[in-house]
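This is what each chain is made of:
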Amino acid sequence: MNRREFLGFTGMMATAGLTGVANASEKTMSVSTPEITGAVTDYFEFRIAGPEIKNLMTKLKQLEVGLKKNPGFLSLSLKQMVGESTMVKNYPADLKGILGSAYADSAKQGSLPFFYSLFVRFNDYNSLQESRVAVWFRENVFPLLHAYKPTPKGPQKTPISLTYYHGVFQTILAGNRQGIYSDPNDIQHFLRASQDSPSEHRTTVANHVMIHDENMKMFEKKIVPLLKVAQQTYQPENDPNHLGKAASKENNFYRKAVTTEIMRKAIPDGDFRAYLMHGVWESMLDHENSHLDRRFRQHAGPVGAMVAVGPVEPFYETRFLARS
């Protein structure tokens, strides 16, 4: 299944239950793959039953040991989907944050499987290939992805396989509270110094969209100013600390984003190109209130007009982080 179809599924996750998703695996990388430059991410999305999470964490710790022997490895992060943004859809402001923990709450009560995203970052595409992370995932994580059913004796594994999505993404632009980065060396440093440690309890937001591939250059021209606004703005505008104040449901304040990043899928899905707008915030409501800021809305309009599929914007919490 390509990214367009997977996004369609992701948008319906709240009602889709345990239905499967076909695997868009490393097979998409063929001998005709064009040159892939700059820092890259092996990116995976998958659903997993609660009884298998302990095994997943063991496998990740083993992977970390191997990756640190690869000189091109930058960082690895596993993020659990906890909810979804309402403000990205321009719903009324009184609904902000209403789905902030909806997915995690459903997974805990057993009505949905747990949903994770795995980011494995490298200096370059050659280092990514040498790591064989896609093969590792297929051999070590995919066997864990089975649906479970409740029984009087507890959850029982079923033969139903929960397949996964895989794609290689390039980081084309990034930012933090110190600056905006487009130089390849700066981006590598940015990815190596990730600021989403599980101990910090920050909220990751990943806005998934697709555009018509023929519009890629025009789209990226428009997202540069949007990233700058998303990274640099805060409320109240006159905050003497130039950081903003904590968001709540009762105010429109928000603290400046911790980090922002634009990730482009290295290979298009037919006539479409997938993007991940990846950001880290101090809180979920900081993000939601940022979408109410007139400055953000002004710059988001031209970008949103070019989106062909999406946006789907889940919230995540980091569960595992490894750096080089």
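A brief structural summary.

Conventions and cut-offs
- Every chain's residues receive numbers from 1 upward, in the order its sequence appears when written.
- Totals for whole chains, interfaces and linings use all residues, but because this is a predicted model, local features are given only for residues with pLDDT of at least 70 and pairs of side-chain atoms are given and counted only at 80 or more.
- Remark: hydrogens and water are excluded; side-chain values derive from all non-hydrogen atoms of the structure.
- Runs of E in the DSSP output that reach at least two residues are strands. Runs of H or I that reach at least four are helices, and both are numbered from the N terminus.
- The cut-offs for exposure are 20% and 50% of the maximum accessible area for each residue type, with area from a 1.4 Å probe on protein chains only; residues under the lower value are buried, those over the upper are exposed, and the others partly exposed.
- Contact criterion: two residues are considered in contact whenever any of their non-hydrogen atoms come within 4.5 Å of each other.
- Any Lys or Arg side-chain nitrogen located within 4 Å of an Asp or Glu carboxyl oxygen qualifies as a salt bridge.
- With axes taken as lines fitted to C-alpha atoms, and helix axes fitted only over the stretch in contact, angles between N-to-C directions fall between 0 and 180 degrees.
- Oblique is the label for any angle not under 35 degrees, not over 145, and not in the 65 to 115 range, which are roughly parallel, roughly antiparallel and roughly perpendicular in turn.
- By convention the crossing between two helices is left-handed if the near helix lies anticlockwise of the far one by an angle smaller than a right angle, and right-handed if it lies clockwise.
- To form a nonpolar core, buried Ala, Val, Leu, Ile, Met, Phe, Trp, Tyr and Cys residues must be joined to one another through side-chain atoms within 4.5 Å.
- Under the pairing criterion, centres of Phe, Tyr and Trp rings, with the six-membered ring standing for Trp, must be within 6.5 Å; the plane angle then separates stacked pairs below 30 degrees from edge-to-face pairs above 60, leaving the rest tilted.
- Each ring is checked for a lysine NZ or an arginine CZ that lies within 6 Å of its centre and within 35 degrees of its normal; such an atom marks a charge sitting over the ring.
- Any two strands with at least two DSSP bridges between them are considered paired.

The next thing to look at is the overall build of the chain. Along the backbone of the chain there are 10 helices and 12 strands. Each of the 324 residues in the chain was classed as buried or not, and the buried ones make up 57%. Long-range contacts, defined as pairs at least 24 residues apart, comprise 77% of the intrachain contacts of the chain with a sequence gap of at least 6.

Here the focus is the pattern of salt bridges. According to the stated counting rule, one finds 15 salt bridges in the structure shown. Linking Lys89 and Glu84 is a salt bridge whose minimum nitrogen-to-oxygen distance equals 3.9 Å. Since its relative accessible area comes to 17%, Glu84 is described here as buried. The closest approach of N and O atoms between Arg294 and Glu237, which form a salt bridge, is 2.8 Å. Of the two residues, Arg294 is situated in helix α10 (residues 294-304) and Glu237 in the loop between α8 (216-232) and β9 (259-265); the sequence distance between them amounts to 57 residues. Each of the salt bridges in this network shares a partner with another, and the network as a whole consists of Arg177, Arg255, Glu282 and Asp286.

Running from N to C, helix α3 (residues 53-67) and helix α6 (residues 133-140) point in directions that differ by 155°, and their axes come no closer than 12 Å. Taken together, α3 and α6 sit at an angle that is classed as roughly antiparallel. Crossing geometry of α3 relative to α6 is assigned as right-handed. Contacts between α3 and α6 involve Lys59, Leu60, Leu63 and Leu67 on the former and, on the latter, Val133, Trp136 and Asn140.

The next subject is the nonpolar core. Grouped together as the largest cluster of nonpolar side chains are 37 residues, with contacts concentrated most on Phe46, Leu60, Leu76 and Leu118. Contributions of two or more residues to this core are made by β1 (40-48), α3, β2 (73-84), β3 (114-122), α5 (125-131), α6, β6 (164-176) and β12 (314-323). With six residues, the top contributor of residues to this core is α3.

Next up on the list: the side chain of His291. Structurally, His291 can be placed in the loop between α9 (284-290) and α10. Using a relative accessible area of 9% as the deciding quantity, one classes His291 as buried. Not counting chain neighbours up to four residues away, the residues in contact with His291 comprise Met87, Val88, Phe296, Arg297 and Glu313.

Looking along the chain, the bond that leaves Gln235 and enters Pro236 is cis, with omega of 0°. Residue position: Pro236 is located in the loop between α8 and β9. A cis amide bond links Gly310 to the next residue, Pro311, at an omega of 5°. Assignment of secondary structure puts Pro311 in strand β11 (residues 307-312). You will see that Asn90, though not glycine, has its phi angle at about 60°, which is positive. Mapped onto the elements of the fold, Asn90 is located in the loop between β2 and α4 (102-109).

Attention now goes to the packing of aromatic side chains. Here the structure, examined in full by the defined rule, presents 14 aromatic pairs. Ring centres of Phe46 and Tyr116 lie 5.9 Å apart, and the angle between their planes is 25°; on these two criteria the pair is classed as stacked. Residue Phe46 is located in strand β1, and its partner Tyr116 is located in strand β3; the two are separated by 70 residues in the primary sequence. When sorted by exposure, Phe46 lands in the same class as Tyr116, which is buried. Pairing Phe219 with Tyr275 gives two aromatic rings, centres 4.8 Å apart and planes at 55°, and the pair type is tilted. Pair noted here: Phe219 is in helix α8 and Tyr275 is in strand β10 (residues 272-281), with a separation of 56 residues, a long-range link. Residue class for Tyr275 comes out buried when judged on its relative accessible area of 1%. Linked through ring pairs, Phe44, Phe46, Tyr116, Trp136, Phe137, Phe142 and Tyr164 together constitute an aromatic cluster. Taking NZ or CZ as reference, Lys79 lies 5.5 Å from the ring centre of Phe119, over its face.

It is worth spelling out the pairing of strand β4 (residues 146-149) at this point. When β4 meets strand β5 (residues 156-161), the two strands line up antiparallel, connected through three bridges. Its bridge partner lying in β5, His146 is registered against Ser161. Following β4, the chain reverses through six residues before pairing antiparallel with β5; Gly154 in that reversal takes a positive phi of roughly 110°.

Interpretation in functional terms is not warranted from these geometric data alone.
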